[in-house]
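# Structural description and commentary
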Amino acid sequence: MRAAVDIGGTFTDVVVYDKETGKFWKSKVRSCPNNPEGPFAEGLVKALQGAGKKVSDVESIIHGTTIVTNSLLEGKTSRVGLMVTKGFKDILEIGRQQRPELYDLMEDRREPLVPRSLIREVRERVTSEKQVLTALDEKETESALREMCEKDIDSLAVVLLFSFYRPEHEDKIKDIATKMLAEKPVYLSHEVSPEFREYERASTTVIAASVAPRVIHYLRAIQKKLRQKGYESNELAVMQSGGGISTPQKAEEQPHTLIESGPAAGLIGALNLSRKMGMDKVIAFDMGGTTAKAGMILNQELVFTPEYEVGGELHFAGRQKGSGYTVRSPMIDVVECGAGAGSIAWIDQGGHLKVGPQSAGAVPGPACYGRGGENPTVTDANLILGRLSLTNFLGGEMKLDRERAQKAVSDKLTGPLDLDVRESAAGIVSIANASMLRILRLLSISRGHDPRDFTLIAYGGAGPLHAAELAEKMSISRIVIPQMAGLFSSLGLLFTDMSADFAETVMASLGKDRESINKTLSHLKKKAQKWFEDRDVPEENQKILVSADMRLRRQNYELNTRLPEASLSESDVKKVHKKFHDEHEITYGHKAPEEEIQVVNLRMRAVEIRPKPDFEKIETAEKKRRPDNRGTRKIWFDDKQVDTNIYRRDELLSGHTIGGPALIEEKESTTVFGHRWKAQVGTFGNLILTVKIG
């Protein structure tokens, strides 16, 4: 048996898969921010009880987490010491010119993760030509480390100029630091981010060092808890932002790769579904308790980015650029906004209604949970509008309190807005939808894609509640609500492969330096092969993906372009040349095929292909194509209250067709759609919603 556990801001989701029977068991329990390993074990035991199994029966566990993102957002980072090349003490302060509000003189930038008092310079210098200009001053290094010991740092980051070319100085500092700092973790920039651009490399290394102590404690606490529960296999894998999984040991060495761990799992699940259903253009939309996320799938492949910003402010169109910390590491491209089911509705100084990014979280949660929450949330609004069941939330495990939801809206919103409770609730949903529409537009229209060509896959606990309204606004005519939509990120973990990323800066001409490029690719391939050998991966389960960060010479920013092989022939170079210029035109609106292309970084991903679950076909409806409903409920659509049929998803059969308005309840989520929509149940139980646009 294999298990997947995804810890979110509000709930912890668990899916257990029995490969022998092909059956799934699941559970959803409330998260506990101060004790995440508790719900981890609780949810796992609960899911296994449904299968009549014990923790000792589980062979492997895959885990998605928000520990790194939350640490940075909440400012719960460790005390980091930073060692830099002499003359570069202010590298984090200077950063880049990008600011969250360029013309706001009162806007302060986010404080660096390392204060200047904990930064020490050392005499050493490596040139851009890979030559050692000044040897490392070891006595000065020891003196600087002694000062840091007195400052009681929790971890150390080392960022020296051009260490990605010549790492020996950083390695020497680590040797000295390991003896002086006992067991405190040390992170070297050439190991964390072996690429040029000193600020991005420094920022990434510091982020790794700042979250490392908490990540190490967290992962070891989970492993200890699992041993206490009788887990004997000891095979625990952790989801990475780049779409693969790694061991806890590797995650401790590179904690920055866990930043978008949970959302990445959902997109892996969406990718698997898009391939199974033969969909080439997909927008994957995930609405959880704290945030809403969206990613794109093109030609049945995920879209990746080599750089991301974390810890910044969430606003109406995603993360505000320049407000957070830069991470230079390959990851799935995710757009995010602070509009989740638990997002709090509030009135700003101008008397306008806002939703998020503040969230009620797992504690105390929305007001309707009856656990001390007093602020109105998106969940409270949906309950007031009739879209959630009072008695069947989480399959009846949790009862919702409409009076508390109404009181929260009445106390906080109706007076300032001069609206009644129902109108205020509709306003909350409308504002939340507006925030989510902006990230969907940012992902599609802003990048030159026509959303009318796409299918929307909606999941997360609240995704199916809002999907139809969002799709109509985006002129998307087809929605897929997958099986286990409310646990989809957890389910996606079961479709992941083990992977490792390798990168090297080359600064070579694509047309003139093919030999040099192939030499570097060969070096990277040896690293990948060693990784395969260390893991005893059979050749048939090995896969290597190659890409390059390229730009026109004298440009400042690169486009990541997939390469056909780990060794380029002359014909390959021509193909890559054309592909780069085509992508340049899509991204920037123009191309210059006569210009020389510069290869900046080469990237290689080693993938260990793992077995994937397979869904069984559900029973087919032989005669009656329209299922029986479980009653009706008055639900507000726009400004009208409509009698709406209620269906139970576990009673639907393949071929069943449901006309709107309708509400389809399942234990972990609810799907709502209006009169213009029609839902059909697919062969594997997916809900396929269609509407005629225009």
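This write-up is about the structure you can find in this document. (Residues numbered from 1 in each chain as written. Predicted model: local features only at pLDDT ≥ 70, side-chain atom pairs only at ≥ 80, totals over all residues. Heavy atoms only, no water.)

### Quick word on helix α4 (residues 138–150)
Between its first and last C-alpha, α4 extends 19 Å over 13 residues, near the 18 Å set by a 1.5 Å rise per residue. For α4, the set of buried residues is Glu 140, Thr 141, Ala 144, Leu 145 and Met 148. Looking down the long axis of α4, one finds its buried residues gathered within 135° of arc, a one-sided arrangement. In α4, the exposed positions that point more than 90 degrees away from the buried face belong to Lys 139 and Glu 150. (Helix = DSSP H or I, 4+ residues; strand = E, 2+ residues; numbered from the N terminus. Expected span 1.5 Å × (residues − 1). Buried < 20%, exposed > 50% of the residue type's maximum accessible area, 1.4 Å probe, protein only. Arc of directions from axis to C-beta.)

### Points about the environment of Asp 650
Looking at the secondary structure, you find Asp 650 in the loop between β30 (640–648) and β31 (657–659). The exposure class assigned to Asp 650 is exposed, which follows from its relative accessible area of 58%. Asp 650 sits 17 residues away from Lys 667 along the chain, and the two C-alpha atoms are 9.2 Å apart. In terms of polar contacts, Asp 650 uses its side chain to reach the side chain of Arg 648, at 2.7 Å. (Polar contact = N/O pair within 3.5 Å; in protein donor to acceptor, adjacent residues only side chain to side chain.)

### Points about the sheet that holds strand β9 (residues 155–159)
Spatially, four strands are ordered β6-β5-β9-β10 in an open sheet, and the strand pairing comes out parallel. Either end of the sheet is taken by a strand with one partner, and the two such strands are β6 (119–122) and β10 (186–188). Averaged over neighbouring strand pairs, the angle between their axes works out to 20° when direction is ignored. Of the pairings in the sheet, the one linking strand β5 (residues 80–85) to β6 comprises four bridges and is parallel in character. Following the sheet pairing, Met 83 is matched in β6 by Arg 120. Lying over the sheet, helix α7 (residues 198–228) contacts β5, β9 and β10, oriented at roughly 165° with respect to β9. (Pairing = 2+ DSSP bridges. Axes fitted to C-alpha atoms, helices over the stretch in contact; angles between N-to-C directions. Contact = heavy atoms within 4.5 Å.)

### Some remarks on the packing of α4 against helix α5 (residues 168–180)
Contact geometry of α4 with α5 gives a least axis separation of 10 Å together with a crossing angle of 40°. As far as their axial angle goes, α5 and α4 are oblique. Crossing of α4 against α5: the hand is right-handed. Across the interface between the two elements, Glu 138, Thr 141, Glu 142, Leu 145, Arg 146 and Cys 149 from α4 touch Lys 172, Ile 173, Ile 176, Ala 177 and Met 180 from α5. (Parallel < 35°, antiparallel > 145°, perpendicular 65-115°, else oblique. Left-handed = near helix turned anticlockwise from the far one by under 90°.)

### A word on the sheet that holds strand β33 (residues 670–673)
Taking strand neighbours across the sheet as the criterion, the four strands line up as β29-β30-β32-β33 in an open arrangement whose pairing is mixed. Where the open sheet ends on each side, the last strands, each with one partner, are β29 (632–637) and β33. Strand after strand, the sheet turns through a mean of 30° between neighbouring axes, direction not considered. Alignment of β30 against strand β32 (residues 662–665), held across four bridges, turns out to be parallel. Across the sheet, Arg 648 pairs through a bridge with Glu 665, a residue of β32.

### Here we look at empty space enclosed by the protein
Counted by the stated rule, this structure contains four cavities of 30 Å³ or more. Here the largest cavity is characterised by a volume of approximately 110 Å³. Lining the largest cavity are Gly 269, Asn 272, Leu 273, Lys 276, Pro 482, Gln 483, Phe 488, Leu 491, Phe 495, Phe 615, Phe 684 and Asn 686. Of all the secondary structure elements, the ones that give two or more residues to the lining of the largest cavity are α9 (261–276) and α14 (488–493). The biggest single contributor to the lining of the largest cavity is α9, with four residues. Taken together, the residues of the lining of the largest cavity sort by class into seven nonpolar, four polar and one charged. (1 Å grid on protein atoms, 1.4 Å probe; cavity = no way out; pocket = protein on both sides within 12 Å on 5 of 7 lines; lining within 4 Å. Points joined across faces, edges and corners; volume = space filled by probe spheres on them. Nonpolar A, V, L, I, M, F, W, Y, C, P; charged D, E, K, R; others polar.)

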